[in-house]
Amino acid sequence: MDHTEGPGRSWLLRLVIAFGFAQGAVSMARPAVSYRALSLGADERAIGVITGVYALLPLFAAVPLGRRTDHGRCAPLLPLGVVLIAGGCALSGTAGSLPAMAAWSGVMGLGHLCFVIGAQSIVARQSAPAEQDRNFGHFTIGASLGQLIGPIAAGYVISERDGLLGRTSALALVVSAAVATASFVSLWRIEHRTAPGVRAAAPAAKVPVGRILRTRGVPAGIFISLAVLSATDILTAYLPVIGEHRAIAPATIGLLLSLRAAATIACRLVMTPMLRVLGRTALLTTTCLLAGLLCAAIALPVPVWALATMLAVLGFCLGVGQPLSMTTVVRAAPPEARSTALALRLTGNRLGQVAAPASAGLIAGVAGTAAPFVMLGVLLLAAAGLGVRGGRAPGPADDTAPARPVPRPEQPSANRNLS
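As the structure is a computational prediction, the values presented were derived from the model and not from experiment. (Residues numbered from 1 in each chain as written. Predicted model: local features only at pLDDT ≥ 70, side-chain atom pairs only at ≥ 80, totals over all residues. Heavy atoms only, no water.)

A word on the overall build of the chain
Step number 1: Looking only at helices and strands, the chain features 16 helices and two strands.
Step number 2: Here the chain holds 419 residues, and 59% of them are scored as buried.
Step number 3: Pairs at least 24 apart in sequence give 86% of the contacts found in the chain among residues at least 6 apart.
Step number 4: Here the chain has roughly 15600 Å² of accessible surface; of this, 68% comes from carbon and sulfur atoms. (Helix = DSSP H or I, 4+ residues; strand = E, 2+ residues; numbered from the N terminus. Buried < 20%, exposed > 50% of the residue type's maximum accessible area, 1.4 Å probe, protein only. Contact = heavy atoms within 4.5 Å. Areas by Shrake-Rupley, 256 points an atom, 1.4 Å probe, with all protein chains shown as cover.)

Concerning helix α5 (residues 98-126)
Structurally, the α-helix is built with 3.6 residues per turn, so residues lying three or four positions apart point the same way.
Step number 1: Between its first and last C-alpha, α5 extends 42 Å over 29 residues, near the 42 Å set by a 1.5 Å rise per residue.
Step number 2: For α5, the buried fraction is high: 23 of the 29 residues fall into the buried class.
Step number 3: N-capping of α5 is provided by serine 97, with a side-chain oxygen placed 3.3 Å from the backbone N of alanine 100. (Expected span 1.5 Å × (residues − 1). Polar contact = N/O pair within 3.5 Å; in protein donor to acceptor, adjacent residues only side chain to side chain.)

Focus: the environment of cysteine 89
Step number 1: With respect to the helices, strands and loops of the structure, cysteine 89 is situated in helix α4 (residues 77-94).
Step number 2: Separated by twelve residues in the primary sequence, cysteine 89 and methionine 101 place their C-alpha atoms 9.6 Å from one another.
Step number 3: Once you skip the residues sitting within four places of it in the chain, cysteine 89 turns out to touch Ala25, Ala29, Met108, Leu173, Ser176 and Ala177.

Brief notes about empty space enclosed by the protein
Step number 1: Under the counting rule described, the total for this entry stands at five cavities of 30 Å³ or more.
Step number 2: If you add up the space inside the largest cavity, you get close to 460 Å³.
Step number 3: Together, 32 residues line the largest cavity, and Gln23, Gln147, Leu229, Thr232 and Gln322 are the ones closest to its centre.
Step number 4: Counting only elements with at least two residues in the lining of the largest cavity, the list comes to α1 (10-39), α5, α6 (132-157), α10 (218-246), α11 (250-269), α14 (304-332) and α15 (338-367). (1 Å grid on protein atoms, 1.4 Å probe; cavity = no way out; pocket = protein on both sides within 12 Å on 5 of 7 lines; lining within 4 Å. Points joined across faces, edges and corners; volume = space filled by probe spheres on them.)

Quick look at the packing of α4 against helix α7 (residues 165-181)
Step number 1: Relative to each other, α4 and α7 sit at 165°, their axes nearing to 7 Å. On the basis of their axis angle, the class for α4 and α7 is roughly antiparallel. The handedness of the crossing between α4 and α7 is left-handed. Across the interface between the two elements, Val82, Ile85, Ala86, Cys89, Ala90, Ser92 and Gly93 from α4 touch Ala170, Leu173, Ser176, Ala177, Ala180 and Thr181 from α7.
Step number 2: Of the residues contributing to the contact of α4 with α7, the split by class is nine nonpolar, four polar and no charged. (Axes fitted to C-alpha atoms, helices over the stretch in contact; angles between N-to-C directions. Parallel < 35°, antiparallel > 145°, perpendicular 65-115°, else oblique. Left-handed = near helix turned anticlockwise from the far one by under 90°. Nonpolar A, V, L, I, M, F, W, Y, C, P; charged D, E, K, R; others polar.)

Some details on the packing of aromatic side chains
Step number 1: Applying the stated criterion to the full structure yields two aromatic pairs.
Step number 2: Arranged with centres 5.7 Å apart and planes meeting at 20°, the rings of phenylalanine 19 and phenylalanine 115 form a pair that is stacked. Highlighted residues: phenylalanine 19 in helix α1 and phenylalanine 115 in helix α5, separated in sequence by 96 residues.
Step number 3: Judged by its relative accessible area of 0%, phenylalanine 115 is buried.
Step number 4: With 4.7 Å between their ring centres and 10° between their planes, phenylalanine 19 and phenylalanine 139 make a pair best called stacked. (Phe/Tyr/Trp six-rings, centres within 6.5 Å; stacked < 30°, edge-to-face > 60°.)

Quick look at a nonpolar patch on the surface
Step number 1: A cluster of nonpolar side chains, Leu289, Leu290, Leu293, Val313 and Leu381, forms an exposed patch at the surface whose accessible area comes to about 390 Å².
Step number 2: Overall, leucine 293 belongs to the exposed group, its relative accessible area being 51%. (Patch = residues over 30% accessible without salt bridge, like charges linked within 9 Å, V, L, I, M, F, W, Y side chains within 5 Å. Salt bridge = Lys/Arg side-chain N within 4 Å of Asp/Glu carboxyl O.)

Some points on the state of the cysteines
Covalent bonding between the sulfur atoms of two cysteines is what defines a disulfide.
Step number 1: Scanning the model with the defined rule gives zero disulfides in all.
Step number 2: Unpaired in this structure, cysteine 288 has its nearest cysteine sulfur neighbour in cysteine 317, at a distance of 8.8 Å. (Disulfide = S-S within 2.5 Å.)

Description of the packing of α5 against α6
Step number 1: Look at α5 against α6: their axes get within 10 Å of each other, and the N-to-C directions meet at 155°. Judged on the interaxial angle alone, α6 and α5 are roughly antiparallel. As for how α5 packs across α6, the hand of that crossing is right-handed. Contacts from Ala119, Gln120, Val123 and Ala124 in α5 reach Gln132, Asn135, Phe136 and Phe139 in α6.

Focus on the nonpolar core
Step number 1: Membership of the largest hydrophobic core comes to 104 residues, with the highest contact counts inside it found for Leu15 and Leu314.
Step number 2: Tallying contributions element by element places α1 first for this core, with 15 residues.
Step number 3: Excluding its chain neighbours within four sequence positions, the residues that come into contact with leucine 15 are Leu78, Ala119, Ile122, Val123, Phe139 and Ile190. (Core = buried A, V, L, I, M, F, W, Y, C linked by side-chain atoms within 4.5 Å.)

What about the side chain of serine 258?
Step number 1: For serine 258, the location among the structural elements is in helix α11.
Step number 2: The buried category is assigned to serine 258, whose relative accessible area is 2%.
Step number 3: Non-local contacts of serine 258, meaning those with residues more than four positions away in its chain, are made with Gln147, Leu148, Pro151 and Ile152.

What to know about helix α2 (residues 44-53)
Step number 1: With seven of ten residues buried, α2 is to be regarded as a mostly interior element.
Step number 2: Residues of α2 that are buried: Ala46, Ile47, Gly48, Ile50, Thr51, Gly52 and Val53.

Things to note about the environment of leucine 165
Step number 1: By the element assignment, leucine 165 lies in helix α7.
Step number 2: Classification of leucine 165 as buried rests on a relative accessible area of 14%.

Describing the confidence of the model for the chain
The predicted coordinates of low-pLDDT regions are not to be read in fine detail.
Step number 1: Model confidence for the chain is summarised by a mean pLDDT of 77, while 82% of its residues fall at 70 or above.
Step number 2: At the level of individual helices and strands, the chain shows its lowest average pLDDT in helix α8 (residues 196-199), which scores 40, and its highest in α4, which scores 90.
Step number 3: Low pLDDT (under 50) marks residues 1-7, which in the prediction has 19 contacts with non-local residues, meaning those over four places away or in another chain.
Step number 4: Predicted confidence for residues 195-202 stays below pLDDT 50, and this span has nine contacts to residues more than four positions away or in other chains. (pLDDT = per-residue confidence, 0-100.)

Regarding the environment of leucine 59
Step number 1: Relative to the elements of secondary structure, leucine 59 occurs in helix α3 (residues 56-70).
Step number 2: In the structure, leucine 59 is positioned 51 residues away from leucine 110 in sequence and 8.7 Å away in space, judged by C-alpha atoms.
Step number 3: Beyond its immediate stretch of four places on either side in the chain, leucine 59 contacts Thr347, Arg350, Leu351 and Val354.

Printed below as a string of structure tokens:
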């Protein structure tokens, strides 16, 4: 029985729109940060550190935010996230040193975390079990739309001609702050109002983090998400460096990154039939395996048209991991700790975003700028192996049978607003 009252199904569309603007701002800012750091004299190692700091503050904030969201409303995290994203973007554009850029990049990352925890928790609470794969897939289309438009916009604004790289990259960061604030236009009545009897209920006891992490399905979901996000993150941060070394213009790099994002959108639009045909485990394993091989292939000195082809197929493969890892974690976690479980998944993502770019920077400094993509290939191959062993998500939608609607059972009153 649903103890919420709300604005129908349009909440998901408005959430996708808001997420599209927020992610578009971040996706525009991330390559702009790399180009601005290059204009300030950064090398490959410094780029890796700045990219890693983006995830450092969120690394410590994810679980407390998840705990708070498990026993409260999710919607307040959305405008807070937008404010932090916009502030981090704008102040990165005005920063005049690499340490300052790293600090404001961390603020941007904290804002993105706030928005994503709030948004994912809303989708988990307001989706019936049989709708979770579809709704999480549609939700992540917002991220892919932002990843499609953001790099194109960054490439259009940024120019290396006549020594303008520092100025135009700063302009791109200020524009990305304005894009983030556009999220506010659809942040209204997204979260269903909880019924008065539920609001008055006593909060449930906290589920220990260790118990959540030991639940079947949660570790696999966390690692697959970590591998896929690390691939997306390093592609965004290091493809500009590849472009610099291979004499590929910033506008072309922006188009290549957006091509990857467009392929990810296409994947998520057809995810339901792919799940029906292949099943969850086979789909996760196959796409992670192919993505790993393609990431390693980016290290090869191929022409631009071949790089575009590889990035398109890679984007399609990477589109599977994030929404299915969300559903895996939500279905595996105890009902009263779903937001905390999603926060742990995001903590794993942020660990990857700290460790992977730092490792990539070290590897690039020693073995060249293409070497981080080989590292990504190994990480995704490991995710494919884990997908074979533990990628099946517990819950009503089984790997071997099509999902069918399952009535939501009565929950204890303290947890009814989480169903």
